[in-house]
Amino acid sequence: MRADRLVATLLVLQSRGKVTAAALAEELEVSLATARRDLEALATAGIPVYSQPGRGGGWQLVGGARTDLTGLSSSEAHALFLLVGPAEAVSDEAKSALRKLVRALPSTLRAEAAAAATATVIDPSRWGEVARARPAVVDELQTAVVRRRRVRLSYTDARGSRSERLVEPWGLVEKGEVWYLVAGTERGRRTFRVARIASIEVTDDGFEPPDEVSLTEAWAEVVEEMEGRRSRTWATVLIEQKFVPILRDHFGRHCHVDGECDDGRAVVRLGAPTPLDLARNLAGWGGLVDVTDPPEVREVLARIGKELSARYG
């Protein structure tokens, strides 16, 4: 049962007063059985929803019950607007929605909520980096996700091969200014880098994501898979304790302190895709690091040292 769909069902009931399961299914673009399950789920959850059988009947909220923002406490309002405030930079629609949310609050909370909405600016770019432009197809993909419409992609993979794919878009993820599409395919779940999508066509073919699908859980699995690929080679290095935080900042989750030497240096395990990747990242440390294993990384470091010595010695 999807929480976003239940909220949408509740909003339809509030706006129309009474609605049939068939009308709700058409409005939310789901099956009749799904619409009935959602209505029953609201009633089971304690929402005052009841069904009136017969001609002219349908589902409605008891006594015109409504859900609004008047029940928020001051701390809850602060938390909400600190969270959604930075989103207004994305689009004019987000700005308009934020203004409406502020107006929906009790008058005693509006000023602080408006201040909270502008209290935080999110700058995802690291120092020295140029901010990446938001891919043009993100908006179209978001619409397809919300409307549950299959999408035909023209996609170029990491090897440069282009292909046409018909996918079920489950959701979008932005990680480090890079956008990814998590989608269902004939071969199961797949992840597509949005910047590699040359073109998309949102079809009229609807779909229902599997009930067990959670975007958060699916993305956590993707991260684990990718990080596993990014740490296929591990090296053990000895380094002064004061430099360990720098290694942690550079290697992130692929940096593990395994103890301390007799001379006080830290024993650190570092991971990267290949011996060459490790050597390239460690060569700049010069004599500050002592790579004890594996031999493959030591050999690449020695080769890099000889090349630098021949060029600049």
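Residues numbered from 1 in each chain as written. Predicted model: local features only at pLDDT ≥ 70, side-chain atom pairs only at ≥ 80, totals over all residues. Heavy atoms only, no water.

## Observations regarding the packing of helix H10 (residues 275-283) against helix H11 (residues 295-312)
Moving on, step 1. As a packed pair, H10 and H11 sit with axes 9 Å apart at the nearest point and diverge in direction by 50 degrees. As judged from the angle between their axes, H10 and H11 are oblique. Where H10 crosses over H11, the two elements pack in a sense that is right-handed. For the pair formed by H10 and H11, the contact residues are Pro275, Leu276, Leu278, Ala279, Arg280, Leu282 and Ala283 on the first element and Glu296, Val297, Val300, Leu301, Arg303 and Ile304 on the second. (Axes fitted to C-alpha atoms, helices over the stretch in contact; angles between N-to-C directions. Helix = DSSP H or I, 4+ residues; strand = E, 2+ residues; numbered from the N terminus. Parallel < 35°, antiparallel > 145°, perpendicular 65-115°, else oblique. Left-handed = near helix turned anticlockwise from the far one by under 90°. Contact = heavy atoms within 4.5 Å.)

## Here we look at the packing of aromatic side chains
Moving on, step 1. One pass over the structure, following the stated rule, counts three aromatic pairs.
Moving on, step 2. Taking 5.1 Å as the distance between ring centres and 85 degrees as the angle between the ring planes, the aromatic pair formed by Tyr155 and Phe192 counts as edge-to-face. With Tyr155 in strand S4 (residues 149-156) and Phe192 in strand S7 (residues 188-193), this pair connects stretches of sequence that are 37 residues apart.
Moving on, step 3. Of the residues examined, Tyr155 reaches a relative accessible area of 5% and is grouped as buried.
Moving on, step 4. Centroid distance Phe243 to Trp285: 5.8 Å. Interplanar angle 75 degrees. Geometry classified as edge-to-face. Taken together, the positions of Phe243 in the loop between strand S9 (233-239) and helix H9 (244-251) and Trp285 in the loop between H10 and strand S12 (290-293) put the pair 42 residues apart, joining distant regions of the chain. As far as burial versus exposure is concerned, Phe243 and Trp285 are alike and both buried. (Phe/Tyr/Trp six-rings, centres within 6.5 Å; stacked < 30°, edge-to-face > 60°. Buried < 20%, exposed > 50% of the residue type's maximum accessible area, 1.4 Å probe, protein only.)

## Section: the pairing of strand S3 (residues 58-61)
Moving on, step 1. Burial along S3 is two-sided: Gly58 and Gln60 and Trp59 and Leu61, pointing in opposite directions, are all buried.
Moving on, step 2. Both strand S1 (residues 18-19) and S3 contribute to a ladder of two bridges, which runs antiparallel. Considered in S3, the bridge of Val19 is made with Trp59.
Moving on, step 3. Between strand S2 (residues 49-52) and S3, which follow one another and run antiparallel, lie five residues, and Gly54 among them has a positive phi close to 90 degrees. (Pairing = 2+ DSSP bridges.)

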